[in-house]
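Examining the three-dimensional arrangement
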Amino acid sequence: MHTKRITIAIDGFSSCGKSTMAKDLAREIGYIYIDSGAMYRAVTLYCLENGLFRGDEVDTEALRAALPHLDIAFRLNPETGRPQTYLNGRLVENEIRTMAVSSKVSIVAALGFVREAMVGLQQQMGREKGIVMDGRDIGTTVFPDAELKIFVTASPEIRAQRRFDELQAKGETGSFEEILENVKERDRIDTTRDVSPLRKADDAIELDNSHLTIPEQKEWLLAQYRRAAEAE
Ligand code: DC
């Protein structure tokens with residue numbers, strides 16, 4: 001019995017702890033971790049910084065022209081060993097997590113030409129397997145042949161509380177109600193958009209982690225990995 005290198009797709013709603021579990025798993029088993037949401041966030045940051053928004057509308061012509069020149073990359077932070085997001089060579093890990101970006105990112109992620117470009121980049125990153133990628137359409141669109149697919153859920157209230165705690169720890173303000181609204185609105189946009197809406201792949205394993213601790217979740221995920229990676 002030996003272990004084969006596989007592709008692991010982790011999809012689910014926003015703020016349900018996907019990235020924590022994906023990151024921990026990748027570190028534990030020595031795989032590359034890619035946060036696909038960070039890529040949509042980086043494109044959104046670009047739009048905000050370059051005045052491409054008019055209210056909730058994006059100047060699609062300008063974005064279409066700029067997209068091929070956007071360099072989105074991940075590099076490991078030498079101190080924490082965690083991957084960080086770079087946009088055109090600039091570290092933007094904190095900038096892409098603000099409420100300003102969170103409240104606009106679903107609009108950008110609903111644009112077909114943006115998704116096409118991001119999916120292309122993601123598939124390239126996963127060419128050699130040995131990768132854990134989290135997002136919304138990884139098991140359905142990016143890696144439909146992934147050996148292990150997980151679909152994570154948790155109630156909107158629990159997810160809003162987690163994001164609230166995260167923002168507070170960073171010293172950002174924002175009321176719980178505002179965050180809960182943002183979570184629900186993003187769920188609505190993510191599940192109803194025309195291109196690659198968020199849905200569970202038929203062969204994905206569902207995990208509701210509303211009442212699981214991080215160590216419990218980690219154990220569960222490792223067991224799933226071992227099962228999927230064990231070759232005859
Ligand atoms: O996981 P996150 O909250 O960082 O994702 C940010 C946004 O990007 C969210 O609105 C959904 C979208 N997204 C997507 O459409 N497809 C992905 N593969 C990842 C994220």
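Notes on the structure in this doc start here. (Residues numbered from 1 in each chain as written. Predicted model: local features only at pLDDT ≥ 70, side-chain atom pairs only at ≥ 80, totals over all residues. Heavy atoms only, no water.)

**With respect to the site of the ligand**
To keep things clear, this is the line we draw: Whether a residue is near a molecule or strand is decided by its heavy atoms; if any one of them lies within 4 Å of it, the residue is near. Under this definition, polar contacts are N or O atom pairs within 3.5 Å; protein pairs additionally need one hydrogen-donor-capable and one acceptor-capable atom, and for neighbouring residues in sequence, both atoms have to be side-chain atoms. Lining residues are defined by having an atom within 4 Å of a point belonging to a cavity or pocket. Those points lie on a 1 Å grid over the protein atoms alone, cavities being sets where a 1.4 Å probe fits but cannot get out and pockets being open sets with protein on both sides within 12 Å along at least five of seven lines. For this analysis, a molecule is said to be in a pocket or cavity if more than half of its atoms are within 2 Å of the grid points defining it. The helix and strand labels rest on DSSP assignments: H or I over at least four residues marks a helix, E over at least two residues marks a strand, and numbering proceeds from the N terminus. As a working rule, the residues Ala, Val, Leu, Ile, Met, Phe, Trp, Tyr, Cys and Pro are called nonpolar, Asp, Glu, Lys and Arg charged, and the rest polar, with Gly in that last group.
In the neighbourhood of the ligand, 15 residues make up the surrounding shell, with Ser36, Arg41, Arg115, Asp137 and Arg193 lying closest. Asp137 has a polar side-chain atom sitting 2.9 Å from a nitrogen atom of the ligand. Contact between the ligand and Arg186: an oxygen atom at 3.1 Å from a side-chain N or O atom of the residue. Applying the majority rule of atoms within 2 Å of the grid points places the ligand in the largest pocket. For the shell around the ligand, the secondary-structure elements that each account for two or more residues are helix 2 (36-49), helix 5 (105-109) and helix 9 (176-192). Looking at the shell around the ligand, the element that brings in the most residues is helix 2, giving four residues. Taken together, the residues of the shell around the ligand sort by class into four nonpolar, four polar and seven charged.

**Describing empty space enclosed by the protein**
To keep things clear, this is the line we draw: Grid points are joined across faces, edges and corners, and a volume is the space filled by probe spheres set on the points.
On inspection of all chains with the given rule, the structure shows three cavities of 30 Å³ or more. Each pocket or cavity is described by its volume, and for the largest cavity that value is around 60 Å³. In terms of lining, the largest cavity is formed by Lys23, Tyr33, Asp35, Ala38, Phe74, Pro83, Thr85, Glu93 and Arg97. Elements that contribute at least two residues to the lining of the largest cavity include exactly strand 3 (32-35) and strand 7 (83-87). Residues belonging to the lining of the largest cavity are distributed by class as follows: four nonpolar, one polar and four charged.

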